[in-house]
Amino acid sequence: MVEQVSNVTHKYLRPKKTFPNVWCPGCGIGIAMGALIRAIDSLNFNKDDVSVVSGIGCTARIPVYLDFNTLHTTHGRAIAFATGVKLANPKLHVIVISGDGDLLAIGGNHFIHAARRNIDITCILVNNYIYGMTGGQYSPTTPFAKNASTAPYGMIEQSFDPSDLAKSSGATYVARGTVYHASQLSRLISQAISHNGFSFVEVISNCHTQYGRLNREGSAVKMIQWQKEYAVPASAAARMTREELEGKFVTGKLHEVFRPEYVSEYQKIIDKFNEEEEENRQLQES
Amino acid sequence: MAEVETKRKKSFYKENVPLLMQGNEACALGALAAGCRFFAGYPITPSTEIAEILSRLLPRVGGKFIQMEDEIASIAAIIGASIAGAKAMTSTSGPGYSLMQENLGYAYMAEVPCVIVNVMRGGPSTGLPTKVAQGDVMQSKWGTHGDYFPIVIVPSSVKECFDYTVKAFSLSEEYRIPVTVLSDEVLGHMREIVKLPSQEELNIVTVPKPYEPPEWYKHFEITPDFRSPMASFGEGYRFHLTGLTHDEYGFPTASKTEIVRKLEKLRLKTMRHLDELTDVRVEMMDDAHIMIFAYGSTARAARQAIRMARKRRFKVGLIQPRIIWPFPDQIVREYLERVDLVIVPELNQGQIIREVKRLRYRHVKIIGLNRFDGELITPQQILDKLKEERH
């Protein structure tokens, strides 16, 4: 089993220079990366047709290890870069993977507008509730009353629910998974990539080095076990009351609708001009 | 396909007939003629016409236009599009150009060709949105953080807006560098008669594709002349791009040798080609004792002023750089040795004059003529300044 998984993973990794990776031992980001690789493998894409784009942060270091067309951009701007990549070459499967600080704080504006546009990009947000790389500052998803290095007396801001935000901004596919439920996660990611439109997957992960330490949540294992205990599958959640769901989070596919996709709509305009041109040409010839 | 595109273009691109058009329109048509097939922008006075025109024309030639949520996203999108193989451009003005600075730095670091048209208006901050200024000259050189050597173009007529947008694309491809075109409010909105050249007359450069197989390919190869071929996403080369200091493959590096090699390359790829990157118009300088050093719309007033001054027997000539960065040191130095007075008219409180003073030769007197009330410097003002100096 391990051998099988590792065979798939190694097919998509860059052996040259990039390893060892930058993540702390026990970090969930590696699991998220593995899930992404298995999702792409299950879709049988040609490696040349996949582009992975990220911003800045721990999660944003994923692309350098992957043997695709990879783009590590500036802080918060991954989705804006990805928009250009997708429009200029629509045959590419464009996947943005980044963290909660990158996509929702500095990159929040690009996030909601890409969702509103419904451009065919898959956006994976690895949510560890904190800025890991810079040392544990609070992020837009840090829960109320939790500690961070810049919230030494507890977080007094309210937090974003990334999946709710994506849905209300117009994303046409929204799902939530965890790094504990790794095989479900790769299924959700592959569904998201197959979806035509802006698709969003929130991945609940652990940062025991910063968030766990500052909030006394224990080791990586303990934090990942928390995900197992507090995750409620979407099907079960539908039968539960609001009170029963308090403090828990729902996993699985949360939302899927079909609306006109931006790149295809743009192509229709181009095709219309092409047809007109063709008609004119035939008229002139006859 | 190319044939179809050319044919279709003719409906709005009329060659060799006199056309009345705006500077902004000329920029847009220049971009199309140069092969620009992607534009991302955000509305801002006085550059908006460029976006409006391209939103109408780009889909007709199979290109794409997108209005992004802000200027930061606009430049990000054009960089992304360029990496995916499209010639790409954005246009903006002062505040938007400030917002673009970080990603402009990314394009220098990741060596991504793209063109940014900044139609200058009064600043700082919101300043004078509908009035002319030349306050962004130093920002275009030093705007983003870190150590880099930009190419910046300053046209001075509607025809030059066309020609130098085409040139901006060629230079950006040749050197794999973002190129800024500094237009201004007057140039952007002024209408002049222009004859557009035929496609054959245009000297369009496109960065060559790599010839080696993917496993040999280095996206950031350091070649003897520091210009290297470029593959795009989706062509089988699967390279990595990052704003982190990287090695020749594009992977982040902490090796001292590799850091130095990378940063030196960024300098040398422009500074080793100063001859090709010098574009200066020299007028009536043969016997001149007085030099007017002027650029952009100010150069128009200066051109008129030297004619008026010549009638009054002043031996005066004009040096007008059309590529302002890298600064044309050699040619300016050459003429500084022959004159005893230099006047530098600028629509700011004295920016490019610092560069001229840096090259000062012996006792040459270098004085500025500055206007920053939102109006142009007039030829009479330049003439008056000259008379004042020469009594």
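Per chain, residues are indexed from 1 in the order of the written sequence. Each chain takes a letter, starting from A, and each ligand takes a number, starting from 1, following the order in which they are written. Given that this is a predicted model, residues contribute local features only at a pLDDT of at least 70 and side-chain atom pairs are listed and counted only at 80 or more, while totals for whole chains, interfaces and linings are drawn from all residues. Only heavy atoms go into the side-chain values, all of them from the structure, while hydrogens and water stay out.

### Section: the overall build of chain B
Part 1 of the argument: Only DSSP runs of H or I reaching four residues or more are called helices, and only runs of E reaching two or more are called strands; each is numbered from the N terminus. Scanning chain B for helices and strands turns up 13 helices and 15 strands.
Part 2 of the argument: Here the radius of gyration uses the C-alpha set of atoms, whereas the globule reference equals 2.2 Å times the residue count to the power 0.38. Taken over the C-alpha trace, chain B has a radius of gyration of 21 Å; the compact-globule value for 391 residues is 21 Å, and the two agree within 12%.
Part 3 of the argument: Across its three principal axes, chain B shows a C-alpha extent of roughly 70 × 55 × 40 Å.
Part 4 of the argument: The rule is simple: take the accessible area with a 1.4 Å probe, protein chains only, and divide by the maximum for that residue type; under 20% is buried, over 50% is exposed, in between is partly exposed. By the burial criterion, 61% of the 391 residues in chain B qualify as buried.
Part 5 of the argument: The contact rule is simple, with two residues in contact once any of their heavy atoms fall within 4.5 Å. Here the analysis covers contacts within chain B between residues at least 6 apart in sequence; of these, 77% occur between residues at least 24 apart.
Part 6 of the argument: Working note: accessible area of chain B is about 14,900 Å², and carbon and sulfur atoms make up 50% of it.
Part 7 of the argument: Measuring between centres, the 51 positive side-chain charges of chain B sit 4 Å from its 48 negative side-chain charges. We get accessible surface area from the Shrake-Rupley algorithm with a probe of 1.4 Å; when it comes to residues, only the shown protein chains can shield them. Only four residue types enter the tally: Lys and Arg on the positive side, Asp and Glu on the negative side; His and the chain ends are excluded. Lys charges are placed at NZ, Arg charges at CZ, Asp charges at CG and Glu charges at CD.

### Here we look at the overall build of chain A
Part 1 of the argument: Along chain A, the regular secondary structure elements total 12 helices and 10 strands.
Part 2 of the argument: On C-alpha atoms alone, chain A measures out to a radius of gyration of 20 Å, which is about the 19 Å that the 2.2 N^0.38 rule sets for 286 residues.
Part 3 of the argument: Principal axes of the C-alpha set define a box for chain A whose edges measure 80 × 45 × 35 Å.
Part 4 of the argument: Within the span of chain A, comprising 286 residues, buried residues form 56% of the whole.
Part 5 of the argument: Counting only carbon and sulfur atoms, one obtains 54% of the accessible surface of chain A, whose full area is about 12,600 Å².
Part 6 of the argument: Charge separation in chain A, taken as the distance between the mean sites of 28 positive and 27 negative side-chain charges, equals 8 Å.

### Looking at the environment of B:Pro208
All names here are of chain B.
Part 1 of the argument: In this structure, Pro208 sits in the loop between strand S8 (191-194) and strand S9 (240-242).
Part 2 of the argument: Remark: the alpha-carbon pair of Pro208 and Pro229, spanning 21 residues in sequence, is separated by 5.0 Å.
Part 3 of the argument: When residues no more than four places from it in sequence are discounted, the contact partners of Pro208 are Pro229 and Met230.

### Focus: the interface of chain B and chain A
Part 1 of the argument: Chain B puts 45 residues into the contact, and the matching count from chain A is 44 residues.
Part 2 of the argument: Buried area: the accessible surface (1.4 Å probe) lost by two parts on joining, summed over both. Between chain B and chain A lies a buried interface of about 3,700 Å² when both sides are counted; carbon and sulfur atoms form 59% of it.
Part 3 of the argument: Ranking the residues of chain B by area buried against chain A places B:Lys64, B:Phe233 and B:Arg238 at the top, with a combined share of 21%.
Part 4 of the argument: The term salt bridge refers to a pairing of a side-chain nitrogen on Lys or Arg with a carboxyl oxygen on Asp or Glu at a separation within 4 Å. Along the contact surface separating chain B from chain A lie 3 salt bridges.
Part 5 of the argument: Between A:Asp67 and B:Arg238 there is a salt bridge, with its nearest N and O atoms 3.1 Å apart.
Part 6 of the argument: Polar contact is the term for a pair of N or O atoms within 3.5 Å; when the atoms are in protein, one must be able to donate a hydrogen and the other to accept it, and sequence-neighboring residues count only if both atoms are side-chain atoms. Connecting chain B to chain A are 21 residue pairs in polar contact (both at pLDDT 80 or more).
Part 7 of the argument: Of all elements in the fold, only helix H1 (2-9), strand S3 (64-67), helix H4 (71-83), helix H5 (94-110) and S9 of chain B reach the threshold of two or more residues within the side of chain B that touches chain A.
Part 8 of the argument: When residue character is reported, Ala, Val, Leu, Ile, Met, Phe, Trp, Tyr, Cys and Pro are called nonpolar, Asp, Glu, Lys and Arg charged, and the others, Gly included, polar. Among the residues making up the side of chain B that touches chain A, the classes are represented as 23 nonpolar, 11 polar and 11 charged.

### Topic: the domain arrangement of chain B
Residues and elements named next belong to chain B.
Part 1 of the argument: The split into domains, and so the bounds of each, comes from an automatic or database assignment of domains. Taken domain by domain, chain B holds domain 1 (2-201) and domain 2 (281-390).
Part 2 of the argument: Centre-to-centre, using C-alpha coordinates, domain 1 lies 27 Å away from domain 2.
Part 3 of the argument: At the junction of the two partners, domain 1 supplies 28 residues and domain 2 supplies 24 residues.
Part 4 of the argument: Interface of domain 1 and domain 2: buried area, both sides summed, is about 2,100 Å²; carbon and sulfur atoms make up 57% of it.
Part 5 of the argument: Three residues, Gln134, Met138 and Val154, lead the burial of domain 1 against domain 2; their summed loss comes to 30% of the area buried on that side.

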